[in-house]
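So the chains spell out like this:
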Amino acid sequence: MNRMTIPFVARADYARSADWVAALQRSMPAQRIVAFDQLSQSEKQECTVAIVANPDPQDLASLPALRWVQSVWAGVERLVAQMGSTDISIVRLVDPQLAATMAEAVLAWTLFLHRDMHTYAAQQQQRQWRALDYVRPQQRRVGILGLGSLGEAAAARLVATGFHVSGWSRQRKQITDVACFAGAEQLDFMLAGTDILICLLPLTPHTEGLLDARRLALLPPDASVINFARGQIIDDGALRAALDTGALKHAVLDVFATEPLPPEQWQWQHARVTVLPHCTAPTDMGTASAIVAENIARFLTSGTVPKSIDIERGY
Ligand code: NDP
Ligand code: OXD
């Protein structure tokens, strides 16, 4: 089989391009992996597959033979939105290591809220010596929005730690020890019984602004929110209002409508907000490169494009 040239396409300012090209090359020694800006005009005519990290769609448009792109990120919502209707298949990263990393982060920040670490940090600022009542994990109701590759792994981790776990997806799922819900009405029901709400949904036209003022108000008093998915899924004004009044106890936010979060944004200074710099589940270059290499090898031997996202559905 001829050596194929496969471009790695990322935004011009992406700092890790060279590292990715090296890692991907190591996992696919029989192919030639090359940064997009190193491609010659004739090579551009021939590329049928590209590996991407949040690419500029115009770069992809300059590859006329392109059949599919493999993202090294799990979330491809920006690419889907920017590509619009397209014949190019978009394959996102599905990596058990990524799911394990996310599940670890979900457990860590759920415990942060469950054991009131934010309250103790605030009390320390006031030199206040006050022990809060202990709540067993079995008494804490954790609800997960999105039971895909990340949500399901997170649910398993929370169940193993003893939490009372429920989850919501588009199609109702069956997961051992997880109360599963689907559809708009069941979402309202689930929210009313959720102390810690974790968002692991993709951003789509259906999920944008999903957690609005009405739905946030369904959460019981003292509930908290964790958003590890995409900022636009929670209505920013509604979240701020619920935190201002104390209707929501705390929010752990790893994702924002604009990233990096601009210095003037309210979340930085809000006493009830923990800001994280989109760091909860970084892609592991080693495991991801191996998965990408397998997908590309299968394509080269059988012509099979891996399962791609459904453009209509948005994820
Ligand atoms: P999946 O596609 O595997 O899972 C998505 C889940 O959301 C599925 O359970 C799906 O339901 C559900 N869902 C989608 N739309 C709706 C809807 N309208 N109503 C109800 N449920 C819905 O995605 P992943 O689990 O791999 O990733 C989820 C998101 O996590 C990514 O899109 C990305 O935004 C984010 N992410 C964040 C990272 C970080 O570091 N902060 C790292 C990686 C990803 P169904 O099962 O019925 O299809
Ligand atoms: C991803 C992310 O989608 O980091 O991989 O959000």
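Summarised in this report is the structure supplied together with it. Here the structure is a predicted model, which means the values were calculated and not measured.

### Comments concerning the pattern of salt bridges
Now for step 1: For the structure shown, the criterion picks out eight salt bridges.
Now for step 2: Ionic pairing is found between arginine 215 and aspartate 188, a salt bridge with its closest N-O pair at 3.8 Å. Highlighted residues: arginine 215 in helix 9 (residues 213-218) and aspartate 188 in helix 8 (residues 184-192), separated in sequence by 27 residues.
Now for step 3: Overall, the relative accessible area of 15% leaves arginine 215 in the buried class.
Now for step 4: Taking relative accessible area as the criterion, aspartate 188 reaches 22% and is therefore assigned partly exposed.
Now for step 5: Overlapping salt bridges bring together Asp188, Arg214 and Arg215 as one network.

### Focus on the site of ligand 1
Now for step 1: Taken together, 29 residues form the shell around ligand 1, and within it Arg92, Ser149, Gln171, Phe228 and Tyr315 come nearest.
Now for step 2: Within the side chain of glutamate 77, a nitrogen or oxygen atom sits 3.0 Å from an oxygen atom of ligand 1.
Now for step 3: One of the side-chain nitrogen or oxygen atoms of tyrosine 315 is found 2.5 Å away from an oxygen atom of ligand 1.
Now for step 4: Burial of ligand 1 by the surrounding chains reaches 91%, relative to a free accessible area of 950 Å².
Now for step 5: Partitioning the shell around ligand 1 into residue classes produces 13 nonpolar, 10 polar and six charged.

### A short note on the pairing of strand 1 (residues 5-10)
Now for step 1: Within strand 1, six of the six residues are buried, which leaves it mostly tucked inside the rest of the structure.
Now for step 2: Residues Thr5, Pro7 and Val9 of strand 1 are buried on one face, and the alternating residues Ile6, Phe8 and Ala10, pointing to the opposite face, are buried as well.
Now for step 3: Relative to strand 2 (residues 32-35), strand 1 runs parallel, the two being bridged by four bridges. Note on strand 2: the bridge partner recorded for isoleucine 6 is isoleucine 33.
Now for step 4: Regarding the hand of the β-α-β motif, the stretch spanning strand 1, helix 1 (residues 17-27) and strand 2 is right-handed.

### Here's the deal with the side chain of arginine 140
Now for step 1: Take arginine 140: it is sitting in the loop between helix 6 (117-125) and strand 6 (141-145).
Now for step 2: In this structure, arginine 140 is buried with no salt-bridge partner, the nearest side chain bearing the opposite charge being aspartate 116 at 4.6 Å.
Now for step 3: If sequence neighbours within four positions are ignored, arginine 140 has contacts with Leu113, His114, Val135, Phe163, His164, Asp195 and Ile196.

### Focus on the side chain of threonine 110
Now for step 1: As for its position among the elements, threonine 110 is in helix 5 (residues 96-114).
Now for step 2: Residue threonine 110 is classed as buried on the basis of its relative accessible area of 0%.
Now for step 3: For threonine 110, the contacting residues outside a window of four places in its chain are Val142, Leu158, Phe163, Ile196, Ile198 and Ile226.

### Let's talk about helix 7 (residues 149-160)
Now for step 1: End to end, helix 7 covers 17 Å across 12 residues, agreeing with the expected 16 Å (1.5 Å per residue, within 8%).
Now for step 2: Buried within helix 7 we find Leu150, Gly151, Ala154, Ala155 and Leu158. Looking straight down helix 7, one finds that the buried residues subtend no more than 130 degrees of arc, so they occupy a single side.
Now for step 3: Against helix 5, strand 6, strand 7 (164-169), strand 8 (178-182) and strand 9 (196-199) lie the buried residues of helix 7.
Now for step 4: In the segment just after helix 7, glycine 162 is the residue with positive phi, at about 105 degrees.

### Observations concerning the packing of helix 1 against helix 11 (residues 285-302)
Now for step 1: For the pair helix 1 and helix 11, the least separation of the axes is 9 Å and the interaxial angle reads 55 degrees. The angle between helix 1 and helix 11 places the two elements in the oblique class. The two elements helix 1 and helix 11 cross, and the hand of that crossing is right-handed. Residues Asp19, Trp20, Ala23, Leu24 and Ser27 of helix 1 form the contact with helix 11, whose own contacting residues are Met285, Ala288, Ser289, Ala290, Val292 and Ala293.
Now for step 2: Tallied by class, the residues present in the contact of helix 1 with helix 11 amount to eight nonpolar, two polar and one charged.

### Remarks on the environment of alanine 105
Now for step 1: Along the chain, alanine 105 turns up in helix 5.
Now for step 2: Linking alanine 105 and leucine 248, residues 143 residues apart in sequence, is a C-alpha distance of 21 Å.
Now for step 3: Aside from chain neighbours lying at most four places away, what touches alanine 105 is Phe228 and Thr280.

### Considerations on unusual backbone geometry
Now for step 1: Of note, the amide linkage connecting glutamate 259 to proline 260 takes the cis form, showing an omega dihedral of -5 degrees.
Now for step 2: Tracing the backbone through its elements, the reader meets proline 260 in the loop between strand 11 (248-253) and strand 12 (273-275).
Now for step 3: Positive phi, close to 50 degrees, is recorded for arginine 127, a residue that is not glycine.
Now for step 4: Considering the arrangement of structural elements, one finds arginine 127 in the loop between helix 6 and strand 6.

Scoring rules and cut-offs
- Residues numbered from 1 in each chain as written.
- Chains lettered and ligands numbered in written order.
- Predicted model: local features only at pLDDT ≥ 70, side-chain atom pairs only at ≥ 80, totals over all residues.
- Heavy atoms only, no water.
- Salt bridge = Lys/Arg side-chain N within 4 Å of Asp/Glu carboxyl O.
- Helix = DSSP H or I, 4+ residues; strand = E, 2+ residues; numbered from the N terminus.
- Buried < 20%, exposed > 50% of the residue type's maximum accessible area, 1.4 Å probe, protein only.
- Near = heavy atom within 4 Å.
- Polar contact = N/O pair within 3.5 Å; in protein donor to acceptor, adjacent residues only side chain to side chain.
- Areas by Shrake-Rupley, 256 points an atom, 1.4 Å probe, with all protein chains shown as cover.
- Nonpolar A, V, L, I, M, F, W, Y, C, P; charged D, E, K, R; others polar.
- Pairing = 2+ DSSP bridges.
- Right-handed = clockwise from strand over helix to strand, strands pointing away.
- Lys, Arg positive; Asp, Glu negative; His and termini not counted.
- Contact = heavy atoms within 4.5 Å.
- Expected span 1.5 Å × (residues − 1).
- Arc of directions from axis to C-beta.
- Axes fitted to C-alpha atoms, helices over the stretch in contact; angles between N-to-C directions.
- Parallel < 35°, antiparallel > 145°, perpendicular 65-115°, else oblique.
- Left-handed = near helix turned anticlockwise from the far one by under 90°.

Keep in mind these numbers describe shape, not what the thing actually does.
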